[in-house]
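As a plain string of letters, each chain reads:
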Amino acid sequence: WVHDYHLALLPRMLREARNESNIIGSSKDGGRHSFIPSNGPFDQKRLDEFVGPKNPTSVRMIFFIHVPFPTSQVFRELEHGEALLEGMLHADVVGFHAFDHARHFLNAAKRILGLTYESLVGGLIGVRHRGTKVLVTVSNVSVEGDIIDALLEFPMVKDEAAALQEKHGDRMIISGIAVAQRLSGVTYKLLAFERLLADYPVWQSKVVLLQRCLIPGARRVDEADTLREVRSLVVRIRNEFGPEVIDYEEQVGSVLPIDQRLAIWTSSRVMMHTPIREGLNLCPLEYVFARKEPADPGVVIASEFSAVSSILNGALRVNPYDIQMCVTSIDSALSMSQSERDARQGRDIDFVSTCPSGLWTRNVLRDLNDATLSKSTSSRMDVVGDSSPDSILAREAELGLERLDLLALEHAYKTSKTKRVIIIDFNGTLVVKEPAGKYLKREILGSSGFKPSHVTTLALARLCSDPLNTVYVVSGDSQQNLERAVGNVPGLGLAASNGTCFADPCRGQERLWQYLDFGVDWNAVKKVAMPIISKFTARTNGSFVKLSHSSIGWSYYSCDPEWGSLQASHLVTELGEALHSYDVRFVALKGIVEVVPRKGHKGHIVKKILEDARARSRHVDFVMCMGDDIADEKMFTSVINFSAGSEGENSYAFNVAVGKKPTNASFYVDDASDVGDILVALSGDMGLLNRQTSSDGSVASEDFFA
């Protein structure tokens, strides 16, 4: 159980120290698994060299943050903000005290890391990360009621409470305890009290503000500035309204002793808590508990910026910056009837009395158990929402999806002796692409000028050099961009524009591009579509048009993700109305809307590649197809259909999805960086792992094969 922001990097460090962040999956008992038969070849030493020594158990981890989580706009200002989010998301459960804080965290994960979240059965929230779901929970702890009950009977507490009441006579006490720091809002409380005495003279002889300021010494400059302001206001109020209206003291330390706190609570009519930013502070809960029957109930005035304001339903909520609102709330609290005070206390006393730290701890551990149990057994936390048969079947398929086992893949690759076909999607599979949901992308857009790493390119070249192999890269990008990225890898086949144009593998000669015709008059389509797309491009900063042989694309990948998605939905509607008489359809994925032939998809080119390979060799005994989005599902379907019609027992087919999700694939890897590792492993040259990889993918492939 990792507590608070100081240790935000620790969950990831623990995972990496225990080697729990590799592409080889974890079995139900936490160790790696393999679907190689028990009597098949098994090289554990080579596996350990590739992914490190195995760890038989997996850490179950909670990260609980007790302070407010900033908005994504503020969090982006941190130099290492992404690393902090990644560190937190390596826990199984991330907990907060208020939904506001959890919402800011979810928004930061979406806009900075591009991660999505889902509502799960049981009121939980799941964030998809590392091929799994990280639970985000909101839970609260109250005070230790049995301890407070015992302390309230101590003579020292009763004597000190009596002394406070005697000191202030018939005046009603408005109490507050706060750290002398700007975020505690003591200055705004004093300004509101000053305005109360000025605007409501009747209270000048009837109330006293009892304020205790703590000086922990943790932020000396902040504390010195705050104390200077507070002391100045205290002097000003006393000079204007008399010394009896304020009982102000300072104390060194971060906590006021509990006997002194209870004495203050039991003698106070109103407790005023006005931080301008705060996590969970138990003082207001202590006050409510100390004023339970048979004591006279008090009233809590709580800042809406504190976590406790979302817990105490009977509190008067205020904005500390709105001085007039605070004045009105103080007046209401002081003049509140007995029946209303009883009713307000009744809303809160059950929670305050029955949720000590022991129960809270058990609840958080229960959430952890739910999170880890759903990953390691057949039990699961279903997504709230669509319960249609298609949705249910998709979720069941996702649950049955296995992580790709590298040893099994290598075993199949080495035992195939006739013909192997390897088909790889480009964007998001062969090259890492930042999620479209990220607010700021640091990588260059799409595949234009963006290339695989040095090591991945060398692995591709080695695979292409094997006469048994036919290797293709299939992309939705244009022919020019795809050639620029991987066109100089000898023997590599290319298919661009979702397979509508393709070039078979060639060595030492210019590529010969061929085209599939789906009967669409693209000049007519462009004449209708381009004015509409141009209108949306003008109003959406960062968007642009991508034209290829058989498609028209509108990319909003670099836009604000929410604004871009909103504009994309309207664009699809307008294009649908304008192009309904043309034989085209619309595909929306990864930050782009595409107009493509209604009958065109990547499955056609995959079918052609496989059938041509079988025609040349009479038998294809190894197929691996890898993709990352919905456009690649047709590739998987073509591989399945081809395998079903193949003859021979010793045939292997691996459909591999990048990311765990509902898919037609049989296996998955976590992200695109794993794809390069797999290609290196299949190439047979483990020395490539030690080569220096290009950090931005910009090394030209002609340098490798000159």
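Here, every reference points to the structure presented above.
Residues numbered from 1 in each chain as written. Predicted model: local features only at pLDDT ≥ 70, side-chain atom pairs only at ≥ 80, totals over all residues. Heavy atoms only, no water.

Chemist: So what about the overall build of the protein? Which residues, and what values?
Modeler: Secondary structure assignment for the protein yields 23 helices and 25 strands. For the protein, long-range pairs separated by at least 24 residues make up 72% of all intrachain contacts whose partners lie at least 6 apart in sequence. (Helix = DSSP H or I, 4+ residues; strand = E, 2+ residues; numbered from the N terminus. Contact = heavy atoms within 4.5 Å.)

Chemist: Residues and numbers for helix α13 (residues 338–354), please.
Modeler: The terminal C-alpha atoms of α13, which comprises 17 residues, lie 24 Å apart, in line with the 24 Å expected from a rise of 1.5 Å per residue. Taking the largest bend as the criterion, α13 deviates by roughly 40 degrees, centred on Asp-348. The set of residues buried in α13 consists of Arg-341, Arg-344, Gln-345, Asp-348, Ile-349 and Val-352. Packed against the buried residues of α13 are α11 (283–290), β11 (299–303) and β12 (316–318). (Expected span 1.5 Å × (residues − 1). Bend = angle between axes of the 7 residues up to and from the residue. Buried < 20%, exposed > 50% of the residue type's maximum accessible area, 1.4 Å probe, protein only.)

Chemist: A description of the pattern of salt bridges should follow, citing residues and the corresponding values.
Modeler: Per the stated rule, a full pass over the model turns up 25 salt bridges. With its nearest N and O atoms 3.6 Å apart, the salt bridge here joins Arg-212 to Glu-249. With a gap of 37 residues between them, Arg-212 in strand β8 (residues 207–215) and Glu-249 in strand β9 (residues 246–252) connect regions that are remote in the sequence. Take Arg-212: its relative accessible area is 9%, and that puts it in the buried class. Residue classification places Glu-249 among the partly exposed positions, given a relative accessible area of 39%. (Salt bridge = Lys/Arg side-chain N within 4 Å of Asp/Glu carboxyl O.)

Chemist: If you had to explain unusual backbone geometry to someone new, which residues and values would you point to?
Modeler: In this chain, Glu-293 is followed by Pro-294 through a cis amide linkage whose omega measures 10 degrees. Structurally, Pro-294 is set in the loop between α11 and β11. Look at Asp-4: it is not a glycine, yet its phi comes out positive at around 75 degrees. Here Asp-4 lies in the loop between β1 (2–3) and α1 (10–17). Asp-4 sits in the buried class, given a relative accessible area of 14%. Of note in this structure, Asn-498 is not a glycine but carries a positive phi near 60 degrees. With respect to the helices and strands, Asn-498 occurs in the loop between β16 (492–496) and β17 (501–503). Look at Asn-498 and you get buried, because its relative accessible area is 14%.

Chemist: A description of the sheet that holds strand β14 (residues 420–425) should follow, citing residues and the corresponding values.
Modeler: Spatially, β13-β25-β24-β23-β14-β15-β16-β17-β18 is the arrangement adopted by the nine strands of the open sheet, whose pairing is mixed. Whereas interior strands pair on both sides, the edge strands pair on one side only; in this sheet they are β13 (402–403) and β18 (513–515). Pairing of strand β23 (residues 622–627) with strand β24 (residues 652–658) involves six bridges; the strand directions are parallel. Note on β24: the bridge partner recorded for Val-623 is Ala-653. (Pairing = 2+ DSSP bridges.)

Chemist: Got a sec to walk through helix α16 (residues 406–415)? Specific residues and values, please.
Modeler: Counting buried positions along α16 yields seven of 10 residues, so the element is predominantly enclosed. Burial in α16 covers these residues: Leu-406, Leu-407, Ala-408, Leu-409, Glu-410, Ala-412 and Tyr-413. Regarding α16, its N-cap is Asp-405, as a side-chain oxygen of that residue lies 3.0 Å from the backbone nitrogen of Leu-407 further along. (Polar contact = N/O pair within 3.5 Å; in protein donor to acceptor, adjacent residues only side chain to side chain.)

Chemist: Explain the sheet that holds β9 to me, using residue names and the numbers behind them.
Modeler: Strand order in this open sheet of six strands is β9-β8-β7-β10-β11-β12, and the pairing throughout is parallel. Pairing within the sheet leaves two strands with one partner each, and these edge strands are β9 and β12. Sheet twist, expressed as the mean angle between neighbouring strand axes with direction ignored, is 15 degrees. By the bridge criterion, two bridges tie strand β7 (residues 172–179) to strand β10 (residues 270–273) in an arrangement that is parallel. Bridge pairing in β10 places Ile-174 opposite Val-270. In this fold helix α9 (residues 220–241) packs onto β8 and β9, with an angle of close to 160 degrees to the strand it touches most, β9. Where helix α12 (residues 323–334) meets the sheet, its contacts fall on β7, β8, β10, β11 and β12, and the angle it forms with β12 comes to roughly 165 degrees. (Axes fitted to C-alpha atoms, helices over the stretch in contact; angles between N-to-C directions.)

Chemist: Any details on the environment of Leu-407? Residues and values, ideally.
Modeler: Note on placement: Leu-407 falls in helix α16. For the pair Leu-407 and Ala-681, spaced 274 residues apart in sequence, the C-alpha separation works out to 9.5 Å.

Chemist: Report on the nonpolar core, specifying residues and quantitative values.
Modeler: Among the nonpolar cores identified, the biggest contains 44 residues, and Leu-262, Ile-264, Trp-265, Leu-285, Val-300, Leu-312 and Val-352 are the most heavily contacted of them. A total of six residues in this core trace back to one element, the largest contributor, which is α11. Each residue touching Leu-285, except ones within four places of it in the same chain, is listed here: Val-141, Ser-142, Val-143, Val-308, Ile-311, Leu-312 and Val-352. One finds Phe-426, Leu-482, Met-626 and Leu-679 within the second-largest nonpolar core, a separate group that totals 43 residues. (Core = buried A, V, L, I, M, F, W, Y, C linked by side-chain atoms within 4.5 Å.)

Chemist: Explain empty space enclosed by the protein residue by residue, including any values.
Modeler: One pass over the full model with this rule turns up two cavities of 30 Å³ or more. Lining the largest cavity are 14 residues, with Val-288, Gly-298, Val-300, Gln-345 and Asp-348 sitting closest to its centre. Elements supplying a minimum of two residues to the lining of the largest cavity: α11, β11 and α13. For the lining of the largest cavity, the leading source of residues is α13, giving four residues. (1 Å grid on protein atoms, 1.4 Å probe; cavity = no way out; pocket = protein on both sides within 12 Å on 5 of 7 lines; lining within 4 Å. Points joined across faces, edges and corners; volume = space filled by probe spheres on them.)

Chemist: Describe the side chain of Ser-548, and please don't skip the residues or the numbers.
Modeler: If you trace the backbone, Ser-548 turns up in strand β19 (residues 544–548). Only 3.2 Å separates the side chain of Ser-548 from the side chain of Ser-497, close enough to count as a polar contact. Setting aside anything within four residues of it in sequence, one finds Ser-548 in contact with Ser-478 and Ser-497.

Chemist: Give me the packing of aromatic side chains: which residues, what numbers.
Modeler: If you walk through the whole model with that rule in mind, you get 13 aromatic pairs. Look at Phe-96 and Phe-105: their rings are 5.3 Å apart centre to centre, the planes differ by 45 degrees, and that puts the pair in the tilted class. Judged by its relative accessible area of 0%, Phe-96 falls in the buried class. Through pairs of rings, three or more aromatic residues link up here, namely Phe-69, Phe-75, Phe-96 and Phe-105. (Phe/Tyr/Trp six-rings, centres within 6.5 Å; stacked < 30°, edge-to-face > 60°.)

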